[in-house]
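Fold and geometry: a report
So the chains spell out like this:
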Amino acid sequence: MNPNSEPSTFNPQPATKTNFHPADKIQDLQYFGEFGGVNPSISDSSTYTFLSAKTMFDTFEGNAEGCYLYSRHSSPMNLYLGQALAAMEGTESANVAASGMGAITPVLLQLCAAGDEIVSSRTIYGGTYAFMKNMLPKWNIKTRFVDITKLDQVAAAITPNTKVLYCETVSNPLLEVADIESLAVVARENNIKLVVDNTFSPLSVAPAKLGADVVIHSLTKFINGSSDTVGGVVCASQEFINNLKNVNDGASMLLGPTMDSLRAASILKNLRTLHIRMKQHSHNALYLAQKFEADGLKVVYPGLPSHPSHSLYANMINPEYGFGGMMTVDVGSLDKANELMELMQHRNLGYLAVSLGFYKTLFSAPGTSTSSEIPMEEQLEMGLTDGLIRFSIGLDNDIERTYHLMKQCMQELNVL
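The text that follows walks through the structure, step by step, so that each part is easy to find. (Residues numbered from 1 in each chain as written. Predicted model: local features only at pLDDT ≥ 70, side-chain atom pairs only at ≥ 80, totals over all residues. Heavy atoms only, no water.)

1. Notes on the nonpolar core
Nonpolar side chains tend toward joint burial in soluble globular proteins. Of all hydrophobic cores here, the largest spans 89 residues; its most connected members are Leu 85 and Leu 194. If you tally residues by element for this core, the top one is helix H11 (residues 274–294), at eight residues. With near-sequence residues (within four places) excluded, Leu 85 lies in contact with Val 96, Leu 219, Ile 223, Val 233, Cys 235 and Leu 271. Core analysis: the second largest hydrophobic core is formed by 25 residues, Leu 111, Met 132, Ile 141 and Ala 251 among them. (Core = buried A, V, L, I, M, F, W, Y, C linked by side-chain atoms within 4.5 Å. Buried < 20%, exposed > 50% of the residue type's maximum accessible area, 1.4 Å probe, protein only. Helix = DSSP H or I, 4+ residues; strand = E, 2+ residues; numbered from the N terminus. Contact = heavy atoms within 4.5 Å.)

So, in structure tokens, the structure goes:
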């Protein structure tokens, strides 16, 4: 952290829910490559040989440990990455996929059949919303969208046909915080599965330790951190991961969202610096959020006491990694938002781009980008205004300098 920047004023107390230390779990994993390399060897093969026909049969039946069949089913590097991500989330197992949506969609199709229902947070990633709203009805699977912060609304939406309760730890793009522990109680009482997308809060929150049944990440974002590949992961029990990969009826096996081994190797390398990066993302975001709120802007950031779920989130997180790198600022109109983003990009303060978790700051107007799949009337109902800018704050070393440069852009355009 930059010694020249002003210290943050909020110091969250250590979480009492768990003594789970995800970065230690990742660090304790040690692999050796085929020739003694400090990185595991990449198996650049789509299919694998067997010394006997009986072993091939056993592998198809799932009875042969350590044997590889076909890279759509599993590959050594994908299993290495899955093992590391399971350790990070504190689950028994994990299965990586070629994209975040390649992780989300098989989970929902594995858990639901025709006639089943999902209760989902109303504020979720636009692609997830579109899949639930537009695709799943083709299989006669219905989704009821609710305000996930109101437990009474969640409970009221559950019917005998409900199979899944779905939310994001910190929602995209409004940064609403889900009370995962309470939602897990609701899920257990109704014998349904709680599925949590933890993309915005890796290391900070461990949903499985709070009662979630399935934890999903888009690896594209903070976990990979270099905006050079897409990927996803499902972290869950060994039984559920086995079901996803079953050759007869496993959604991940049959839909084929397989991650390439080279990409898995790249993400595994980047995962090892995640703890360092998340600390800086959170430090920088908290600094900017405090400064811009003090300047009179409408800022939403879970680390601010003004956030409706600030106390809840402070008790959920591992305080070492802070409140995350995502914040929003409402500048009043889409035209003003576009002007500001274009000027900030021109001044080298970041990129007008979707996604998050990059070393540079990324900014976008989610109502016309990552959440554009949500109808305008529903955006307005949930509070997604057209002047809202979503910031993924980067790893800037001198965040005080960044603040002054951003503020100058805002003053030039009369945002401040």
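2. Overview of the packing of H11 against helix H15 (residues 399–412)
Close contact between H11 and H15 brings their axes to 10 Å; oriented N to C, the two are set at 40°. Judged by the angle between their axes, H11 and H15 are oblique. Crossing of H11 over H15 shows right-handed handedness. Where H11 approaches H15, its residues His 283, Asn 284, Tyr 287, Leu 288, Lys 291 and Phe 292 are matched on the opposing element by Ile 399, Glu 400, Tyr 403, Met 406, Lys 407 and Met 410. A class-by-class count of the residues in the contact of H11 with H15 yields seven nonpolar, two polar and three charged. (Axes fitted to C-alpha atoms, helices over the stretch in contact; angles between N-to-C directions. Parallel < 35°, antiparallel > 145°, perpendicular 65-115°, else oblique. Left-handed = near helix turned anticlockwise from the far one by under 90°. Nonpolar A, V, L, I, M, F, W, Y, C, P; charged D, E, K, R; others polar.)

3. Structural notes on the pattern of salt bridges
Enumeration over the complete set of coordinates arrives at nine salt bridges. The partner of Arg 122 in a salt bridge is Asp 147, and the shortest N-O contact between them spans 3.5 Å. Of this pair, Arg 122 sits in the loop between strand E2 (117–121) and helix H5 (126–135) while Asp 147 sits in the loop between strand E3 (142–146) and helix H6 (151–157), and the two are 25 residues apart along the sequence. Via salt bridges that share partners, Arg 122, Asp 147, Lys 150 and Glu 176 belong to a single interconnected network. (Salt bridge = Lys/Arg side-chain N within 4 Å of Asp/Glu carboxyl O.)

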